[in-house]
Amino acid sequence: MRVLPAEPIFISYSRKDEEIMRRIAFFLRDQGLKVWVDNEKLIPGTPAWEESIEIAIKRAFAVIVILSPDSKNSEWVRREITYSDQFSKRVFPVLIKGTEDVSLPIRLVTRQYIDFRKNEDAGLNALSAAIHFYIDERQTLEMMRPSAQQASRSSPVSTPIPSVQAKGRKAPARPML
């Protein structure tokens, strides 16, 4: 049984792409996922809004980057992608308009993206499937991880090799492997 993550998905986007960002956010929320977007979470006048974005990315279980010519030209979208990579977040690129040349930043050119350009509904379903596959993958890896108690019982314990007396002299210590 799939358990949805308690952490939100962070959405990185250009303000010029806000309309589609909202459709994506509502679609994911309708599926029970938590979504973090700056214009909903940051109160105008927040003195440390940059820090709030950093914290939101660190806490997110994944990041969606909405790709368009406007987002490619956004310094903040580029920063959020870099920060996401720095903290090893799964990034889901979503191409909404423009060609790859004009919409994909260099950090994402080698990554598979979800194409919304011809059919937004199909794109939403593909995004949902990719996110749920990732959730399942994370949960499978978590189930395979040994518990701390099991790990302490099964991990090898290194013990020092005792020195041996030979003809009244102490043998040189051997390096521990």
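Residues numbered from 1 in each chain as written. Predicted model: local features only at pLDDT ≥ 70, side-chain atom pairs only at ≥ 80, totals over all residues. Heavy atoms only, no water.

**Examining the overall build of the protein chain**
Step number 1: When you go through the protein chain residue by residue, the secondary structure sums to 8 helices and 7 strands.
Step number 2: Relative to its full complement of 177 residues, the protein chain shows a buried share of 35%.
Step number 3: Of the contacts formed within the protein chain by residues at least 6 apart in sequence, a portion of 69% connects residues at least 24 apart. (Helix = DSSP H or I, 4+ residues; strand = E, 2+ residues; numbered from the N terminus. Buried < 20%, exposed > 50% of the residue type's maximum accessible area, 1.4 Å probe, protein only. Contact = heavy atoms within 4.5 Å.)

**Some remarks on the packing of aromatic side chains**
Step number 1: According to the stated counting rule, one finds 4 aromatic pairs in the structure shown.
Step number 2: Ring centres of Phe10 and Trp36 lie 5.2 Å apart, and the angle between their planes is 15 degrees; this geometry places the pair in the stacked category. Here the residue Phe10 occupies a position in strand S1 (residues 9-12), and Trp36 occupies one in strand S2 (residues 35-36), the gap between them amounting to 26 residues.
Step number 3: Across from the ring centre of Trp76, 4.4 Å away, lies the NZ or CZ of Arg79, which sits over that ring. (Phe/Tyr/Trp six-rings, centres within 6.5 Å; stacked < 30°, edge-to-face > 60°. Lys NZ or Arg CZ within 6 Å of the ring centre and 35° of its normal.)

**Considerations on helix H5 (residues 75-86)**
Note that an α-helix has 3.6 residues per turn; residues three or four places apart therefore point the same way.
Step number 1: With 12 residues, H5 should reach 16 Å at 1.5 Å per residue; the first-to-last C-alpha distance of 17 Å fits that figure.
Step number 2: Once H5 finishes, Ser88 follows within two positions and takes phi at roughly 55 degrees, a positive value. (Expected span 1.5 Å × (residues − 1).)

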